[in-house]
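Breakdown of the fold
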Amino acid sequence: MLPNDRAHTFADAPMADLLSVLLRQLKRPLATQGFKLTDAEANRLATERVEGKTPQRSLELVAALEEVVRESESVLAKLGLTFQTSLDADLSTVGNWKTTAEFLDIANEKANAELRITLGSALDMAFVGDDQFALYLLFLAEGNHGDETVIAQRILSFVTGIAADKHDWLKQVRSWLDDSA
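How each quantity is defined
- Residues numbered from 1 in each chain as written.
- Predicted model: local features only at pLDDT ≥ 70, side-chain atom pairs only at ≥ 80, totals over all residues.
- Heavy atoms only, no water.
- Helix = DSSP H or I, 4+ residues; strand = E, 2+ residues; numbered from the N terminus.
- Rg over C-alpha atoms; globule rule 2.2 N^0.38 Å.
- Buried < 20%, exposed > 50% of the residue type's maximum accessible area, 1.4 Å probe, protein only.
- Contact = heavy atoms within 4.5 Å.
- Phe/Tyr/Trp six-rings, centres within 6.5 Å; stacked < 30°, edge-to-face > 60°.
- Expected span 1.5 Å × (residues − 1).
- Axes fitted to C-alpha atoms, helices over the stretch in contact; angles between N-to-C directions.
- Parallel < 35°, antiparallel > 145°, perpendicular 65-115°, else oblique.
- Left-handed = near helix turned anticlockwise from the far one by under 90°.
- Nonpolar A, V, L, I, M, F, W, Y, C, P; charged D, E, K, R; others polar.

**Describing the overall build of the chain**
Along its length, the chain carries 10 helices and 0 strands. The secondary structure elements of the chain, listed N-terminal to C-terminal, are α-α-α-α-α-α-α-α-α-α. Whereas a compact globule of 181 residues would reach a radius of gyration of roughly 16 Å, the chain reaches 16 Å, a difference of no more than 12%. Dimensions of the chain along its principal axes, counting C-alpha atoms only, are 50 × 40 × 35 Å.

Okay, here's the thing in structure tokens:
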């Protein structure tokens, strides 16, 4: 189970716990894509993946994750943002809001899209090694985006097998991704 201290949750949790938590955070968006997921199945999928297996339903899961990411990219595009620009966007200049309620709706929509892109990209890569969203993970990994940065670093290390404490870790990860493409 994940530790209670949020600062260490994503950084120190066993990989199976991390993957399970990320899957469970996306239960509702995955369900809208037709991928129903129970907590027990999230745990099973995560454990099997960490054990080096290709879990049953992986392809179905990845297809749903990719749609979640694409839908979230569209949400940001309607706000005139990309994933990368969204993370640093000043909300006061985003959207045509007039009331506080409208502002809060846009802020929530933006934050949800960012989170879904982060988690969807991470899980897509973790479950099938797909690098189509690798640029998002690299952007997060080299930045200072809190939990999202930690998640990206952990997933990239997991998939590549390159320890994150190496002095040239990001360079090695980029090279690994270039070689695997």
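That shown, we press on.
**Observations regarding the side chain of Ser121**
With respect to the element layout, Ser121 can be found in helix α7 (residues 100-128). Ser121 gets classed as buried once you look at its relative accessible area, which sits at 1%. Contacts of Ser121, omitting those with residues within four sequence positions, involve Val69, Arg116, Phe133, Tyr136 and Leu137.

**Digging into the packing of aromatic side chains**
The tally for this structure, following the rule as stated, stands at 3 aromatic pairs. Ring geometry for Phe83 against Tyr136: centres 4.9 Å apart, planes inclined by 55 degrees, an arrangement best described as tilted. Residue Phe83 is located in helix α6 (residues 83-88), and its partner Tyr136 is located in helix α8 (residues 134-142); the two are separated by 53 residues in the primary sequence. With relative accessibility at 3%, the residue Phe83 sits in the buried group.

**Details of α7**
With 29 residues, α7 should cover 42 Å at 1.5 Å per step; its first-to-last C-alpha distance of 42 Å lies within 8% of that length. Looking one or two residues past α7, Gly129 carries a phi angle of roughly 70 degrees, positive in sign.

**Some points on unusual backbone geometry**
With phi around 80 degrees, Arg57 is a residue other than glycine that occupies positive phi space. Topologically, Arg57 is positioned in the loop between α4 (39-50) and α5 (58-78). According to the relative accessible area criterion, Arg57 is partly exposed, its value standing at 24%.

**Focus: the packing of helix α2 (residues 15-25) against α4**
Where α2 contacts α4, the axes come no closer than 8 Å and their chain directions differ by 140 degrees. The orientation of α2 relative to α4 falls into the category oblique. The hand of the α2/α4 crossing is right-handed. Residue-level contacts link Met15, Ala16, Leu19, Ser20, Leu23 and Arg24 of α2 to Asp39, Ala42, Asn43, Leu45, Ala46, Thr47, Arg49 and Val50 of α4. For the contact of α2 with α4, the per-class residue count stands at 8 nonpolar, 3 polar and 3 charged.

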